Protein chains: 2
Amino acid sequence: MADPVSSGLPLHPAQGAWVPISALESETGLTREVIRKWESRYGFPQPKRDKNGDRIYPVEQVVCLRLIRRLLGAGMRPGKVVGLDLAALEQLSGQLLPPEATATSAEHFSQQVLDALSRHDLIRLDCLFRQRLFRVGLSLFVRETVSISIALVGEAWLRGTIRVFEEHLFTEIVSSILRDAIRTVTEPSGSPRVLLSTPPEEIHTMGLLMANAELSLHGAYCIGLGAQTPATEIVAAVDACHIDVVGLSFSIAHPVRDVARFLRDLSSRLAPSVEVWAGGQGVLRSPRIAGVRYFHDLDEIELALAAWKSRHDGPRSEPELD
Amino acid sequence: MADPVSSGLPLHPAQGAWVPISALESETGLTREVIRKWESRYGFPQPKRDKNGDRIYPVEQVVCLRLIRRLLGAGMRPGKVVGLDLAALEQLSGQLLPPEATATSAEHFSQQVLDALSRHDLIRLDCLFRQRLFRVGLSLFVRETVSISIALVGEAWLRGTIRVFEEHLFTEIVSSILRDAIRTVTEPSGSPRVLLSTPPEEIHTMGLLMANAELSLHGAYCIGLGAQTPATEIVAAVDACHIDVVGLSFSIAHPVRDVARFLRDLSSRLAPSVEVWAGGQGVLRSPRIAGVRYFHDLDEIELALAAWKSRHDGPRSEPELD
DNA sequence: TGTTGAATTTGTCCTGGACAATTGCGGAGA
DNA sequence: TCTCCGCAATTGTCCAGGACAAATTCAACA
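Below: a short report on this structure. (Residues numbered from 1 in each chain as written. Chains lettered and ligands numbered in written order. Predicted model: local features only at pLDDT ≥ 70, side-chain atom pairs only at ≥ 80, totals over all residues. Heavy atoms only, no water.)

Regarding the nonpolar core
Among the nonpolar cores identified, the biggest contains 73 residues, and L215 of chain A together with L263 of chain B are the most heavily contacted of them. Beyond its immediate chain neighbours, meaning those up to four positions away, L263 of chain B contacts L248, F250, V276, A278, I289, V292 and Y294 of chain B. Formed by 72 residues, the second largest nonpolar core is a distinct cluster that contains I223 of chain A together with L128, C222 and I301 of chain B. (Core = buried A, V, L, I, M, F, W, Y, C linked by side-chain atoms within 4.5 Å. Buried < 20%, exposed > 50% of the residue type's maximum accessible area, 1.4 Å probe, protein only. Contact = heavy atoms within 4.5 Å.)

Spelled out as structure tokens, the structure:
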């Protein structure tokens, strides 16, 4: 297993231990204006200056800021967490997700995944996942295997124990397997017709793929729009493609208030007969919007689909298989 | 609530709409600092102010700024193009891409594609492409069918004749077909081993998929890193995955000087035995960097592969495990 | 117990200026 | 005539410090 070097995290090996504010911006997802404001208000982050007077930050502060961002996403307030040291942040972050994820049976598998990933053995990684898929079936595969693996890899990235490209490799392999499975189980005339996308700031589509798999497996027909579709475009697509349900995925990086704002906006523009289903880590602590169904867990998809079908079986001849 | 222009680009629904600078930023890809600087230096864009004194821009200026950005990407200078009116910008933009795309035999097919897309008939669209794929074969499919379709759809988007979600639909369908084909033709022990990705600002992966198809078809083994991999990470991945060739795709939105800078940076950090292949519209007018091979056309991939193989036929497929 | 209104927090936007890096250009030299 | 070099103009990024609306907290009150 790869370990961070004692001198520092392998975030910018070639650049050394200091990053300019532009890099901090892209590494943490925070605006430079927010970063500067925090400095003036809370005294953190604490940059040195280069010879031009520009701020340069030690890489350790990148890790802190990423943790802070996660905590904010979970509903904490900047005044309470910005400026805490790494240990305190990690302690808070640990409270965030109760350690229920590490089921004992999955422990061994996850370890194998991390091993293969750190050895960059792609063939092995691919085999591991495909074997698992056929062993436990698509639904369990998505709801447990993939979920837990993503959490582990995300955690490792946050702490700097795996590199960006390793996370990319992982994502590509798992995505590929999921897409493959989705194509296999998709039923072109299925119902409801579900439109899947992410809001404009969200670039990660793994959550969509997982939802897509679970939805298609239970008879829905999914239309993917990829990532980053503005609300107005979703509305237009719903109309054009005769959509029954809009499915959206919010990652944990998403600020809760943005989630709520987007959902309220979208929901108010859609016809009442069209449902909005929101899922992903970013949704857990978001304030509820009327007319939106929130999913805390992929398990709920099957139930929601059954409920939807029982609500809509009147006007149609239902070839339901129960 | 602040609802009128909160999210999305109301290009189609509301004609007299105004967007705040934050929306302009995400719509055009320009920094708000650049937008303000242009205003003070060239008198464009020309915002009104809302009741708080914040800038609000008419949607027409969004179109202008997108065109300007494209022109800058092609090497023009802000002082020459910022502030020109829409007609002048379109005229310059027209000069950019000579209308060679409309090959006569493909005309009929392209028309069918645009038809199906505007009717949102996804099943038909999917059928059209799959039929075409089996009729002409993967290589021709990628090099002609997909290339021309992308050009048509991109053009239609720029002129506002199709909506964003329609472009997303098109992209998803074509991507899916390509990925499907790639899996089928991939040879796990193929050579050279090619790492595919895009630079950090580039989010479009269609170019990568097309290259991947062509590469895999001719015996290479491709490892995809998805989009937006920093140079340092590519270097690490090359080492970790025993890569022979790094393939990069630059879209036309990419400023030429950034392309050159990225390639120079990357090339200087890689071992001399590792080749860098760069393709995509953004590469056409970029200044050449030593050690980088530029691809103007997907046809060249086959030739480049043959050349690479003839250069490396001595130590053929030696597995070097650590 | 629930609600309302004031106080505080916080992100976004503003102005106006400094400066390094890049680009373009004109002149000197081959 | 062509190439190279240095100077001047251009241009993106960064800074400081302030204003303010929206969101949130909290205390007082019904």
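Read on for the rest.
Re the protein's contact with DNA strand C
The immediate surroundings of DNA strand C are formed by 23 residues, with Y42 and G79 of chain A together with R32, R36 and R55 of chain B found nearest. Across the atoms of DNA strand C situated within 4 Å of the protein, the share located in sugar and phosphate is 71%. Elements with a minimum of two residues in the surface near DNA strand C: α2 (32-42) and α4 (78-81) of chain A together with α1 (21-28) and α2 (32-42) of chain B. Here the surface near DNA strand C gets six residues from one element, more than from any other, and that element is α2 of chain A. Split by residue class, the surface near DNA strand C holds five nonpolar, five polar and 13 charged. (Near = heavy atom within 4 Å. Helix = DSSP H or I, 4+ residues; strand = E, 2+ residues; numbered from the N terminus. Nonpolar A, V, L, I, M, F, W, Y, C, P; charged D, E, K, R; others polar.)

Some remarks on the protein's contact with DNA strand D
Close to DNA strand D lie 21 residues; R32, R36 and R55 of chain A together with Y42 and G79 of chain B are nearest. Backbone atoms, meaning sugar and phosphate, form 68% of the atoms of DNA strand D found within 4 Å of the protein. Contact between DNA strand D and W38 of chain B: a phosphate oxygen at 2.9 Å from a side-chain N or O atom of the residue. Here a phosphate oxygen of DNA strand D and a backbone polar atom of P78 of chain B are 3.3 Å apart. Listing elements by their share of the surface near DNA strand D, those giving two or more residues are α1 (21-28) and α2 of chain A together with α2 and α4 (78-81) of chain B. The element contributing the most residues to the surface near DNA strand D is α2 of chain B, with six residues. Residue composition of the surface near DNA strand D, grouped by class: five nonpolar, five polar and eleven charged. (Polar contact = N/O pair within 3.5 Å; in protein donor to acceptor, adjacent residues only side chain to side chain.)

Here's the deal with the sheet that holds strand β6 (residues 245-249) of chain A
All names here are of chain A. The sheet built from five strands is open, its strands ordered β5-β4-β6-β7-β8 with parallel pairing. Unpaired on one side and paired on the other, β5 (221-224) and β8 (292-295) mark the two borders of the sheet. The mean angle between the axes of side-by-side strands here comes to 25°, regardless of whether they run parallel or antiparallel. Note: strand β4 (residues 193-197) against β6, four bridges, orientation parallel. Directly across from V194, in β6, lies its bridge partner V245. (Pairing = 2+ DSSP bridges. Axes fitted to C-alpha atoms, helices over the stretch in contact; angles between N-to-C directions.)

Notes on the interface of chain A and chain B
The interface of chain A with chain B comprises 37 residues on the first partner and 38 residues on the second. Taken over both partners, the interface formed by chain A and chain B buries close to 3,100 Å², and the fraction arising from carbon and sulfur atoms is 56%. The largest share of the area that chain A buries against chain B comes from F165, R183 and E233 of chain A, three residues that together contribute 17% of it. Counting the contacts that link chain A with chain B gives four salt bridges. R183 of chain A is paired through a salt bridge with D180 of chain B; the nearest N and O atoms lie 3.4 Å apart. On the surface where chain A and chain B come into contact, there are twelve residue pairs in polar contact (both at pLDDT 80 or more). Among the secondary structure elements, those contributing two or more residues to the side of chain A that touches chain B are α2, α7 (122-158), α8 (164-185), β5, α10 (231-240) and α11 (256-269) of chain A. Looking at the side of chain A that touches chain B element by element, the count peaks at nine residues for α8 of chain A. Considered class by class, the residues forming the side of chain A that touches chain B number 17 nonpolar, nine polar and eleven charged. (Buried area = accessible area lost by both parts, 1.4 Å probe. Salt bridge = Lys/Arg side-chain N within 4 Å of Asp/Glu carboxyl O.)

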